[in-house]
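Tertiary structure, described
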Amino acid sequence: MDDEAERRLNEMAKMDAFYCDLLSKCAALSEDYHRIHSQLCPDDRETLERYISICEELEYQRTCMAYAIGLQDGKRRVL
């Protein structure tokens, strides 16, 4: 992503109420997450991190597919 697209994305995120709400909830849970994470044994930490990573990759892939459908349908323009 180039700098201009990144800037536009950041501006859009700041204006998106749902995104801002999720960001706030994430920040509120961050300390608890790190506390719990630090109490796990190394193997459990690694398993949890792999699981979270795969879930994020699944969501990213789904987002890419939805964007491609939108482009095909002409509902979104390229940034």
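Residues numbered from 1 in each chain as written. Predicted model: local features only at pLDDT ≥ 70, side-chain atom pairs only at ≥ 80, totals over all residues. Heavy atoms only, no water.

1. Some points on the overall build of the protein
Test applied: Put simply, DSSP H or I for four residues or longer makes a helix, DSSP E for two residues or longer makes a strand, and each gets a number counted from the N terminus. All radius of gyration figures rest on C-alpha atoms, and the globule criterion is 2.2 Å times the number of residues raised to 0.38. Partly exposed describes any residue whose relative accessible area lies between the buried limit of under 20% and the exposed limit of over 50%, with all areas from a 1.4 Å probe on protein chains only and scaled to the type maximum. Using a 1.4 Å probe, accessible areas were evaluated by the Shrake-Rupley method; residue-level cover was limited to the displayed protein chains. Only four residue types enter the tally: Lys and Arg on the positive side, Asp and Glu on the negative side, with His and both chain ends excluded. One atom stands in for each charge, and that atom is NZ of Lys, CZ of Arg, CG of Asp or CD of Glu.
Across its full length, the protein carries 3 helices and 0 strands. Taking 12 Å as the expected radius of gyration for a compact globule of 79 residues, we find that the protein reaches 17 Å, considerably beyond that expectation. Referenced to the eigenvectors of the C-alpha coordinate spread, the extents of the protein come out at roughly 50 × 25 × 20 Å. In the protein, which comprises 79 residues, the share counted as buried stands at 5%. For the protein, the exposed surface amounts to about 7,200 Å²; the carbon and sulfur share of it is 59%. Within the protein, the 17 negative side-chain charges are centred at a point lying 6 Å from the centre of the 11 positive side-chain charges.

2. A closer look at the pattern of salt bridges
What counts, and what does not: Any Lys or Arg side-chain nitrogen located within 4 Å of an Asp or Glu carboxyl oxygen qualifies as a salt bridge.
Taken as a whole and assessed by the stated rule, the structure comprises 5 salt bridges. With a closest N to O distance of 2.7 Å, glutamate 4 and arginine 7 form a salt bridge. You can see glutamate 4 and its partner arginine 7 sitting in helix α1 (residues 3-15), 3 residues apart, about one turn around the helix. The shortest N-O distance in the salt bridge between glutamate 11 and lysine 14 comes to 3.5 Å.

3. What to know about helix α3 (residues 42-73)
Applicable threshold: A helix is expected to span 1.5 Å multiplied by its residue count minus one.
Taking 1.5 Å per residue as the helical rise, α3 with its 32 residues ought to reach 46 Å, and the 46 Å between its terminal C-alpha atoms agrees with that figure. Trailing α3 by a residue or two, glycine 74 shows a phi angle of about 75°, which is positive.

4. Regarding the packing of helix α2 (residues 17-39) against α3
Our working rule: The axes used here are C-alpha line fits, helices contributing only the stretch in contact, and every angle between their N-to-C directions lies in the interval 0 to 180 degrees. Should an angle fall under 35 degrees it is taken as roughly parallel, and over 145 as roughly antiparallel, whereas 65 to 115 is taken as roughly perpendicular and any remaining angle as oblique. Residue contacts are defined here by distance: any two heavy atoms, one from each residue, within 4.5 Å place the two residues in contact.
At a minimum axis separation of 9 Å, α2 and α3 run at an interaxial angle of 135°. Accordingly, the angle class assigned to the pair α2 and α3 is oblique. Counting all contacts with α2, which are made through Tyr33, His37 and Ser38, the residues of α3 involved are Arg45, Leu48, Glu49 and Ile52.

5. Considering the confidence of the model for the protein
Selection rule: Every residue is assigned a pLDDT by the predictor, reflecting its confidence on a scale from 0 to 100.
Summing up the model confidence of the protein, the mean pLDDT is 92 and the portion of residues at 70 or higher is 94%. Confidence scores differ between elements of the protein, with α1 showing the lowest mean pLDDT of 93 and α2 the highest of 97.

6. Considerations on α2
Which entries qualify depends on this criterion: In this scheme, the bend at a residue equals the angle between the axes fitted to the seven residues that finish there and the seven that begin there. For the purposes of these results, a polar contact is taken to be a pair of N or O atoms within 3.5 Å, where, inside protein, one atom must be able to donate a hydrogen and its partner to accept one; residues adjacent in sequence count only when each atom of the pair is a side-chain atom.
A rise of 1.5 Å per residue sets the reference length of α2, with its 23 residues, at 33 Å; its end C-alpha atoms lie 34 Å apart and thus fit the reference within 8%. Leucine 29 marks where α2 bends most, by close to 40°. One side-chain oxygen at the N-terminal end of α2 lies 3.1 Å from the backbone nitrogen of phenylalanine 18; it belongs to aspartate 16.

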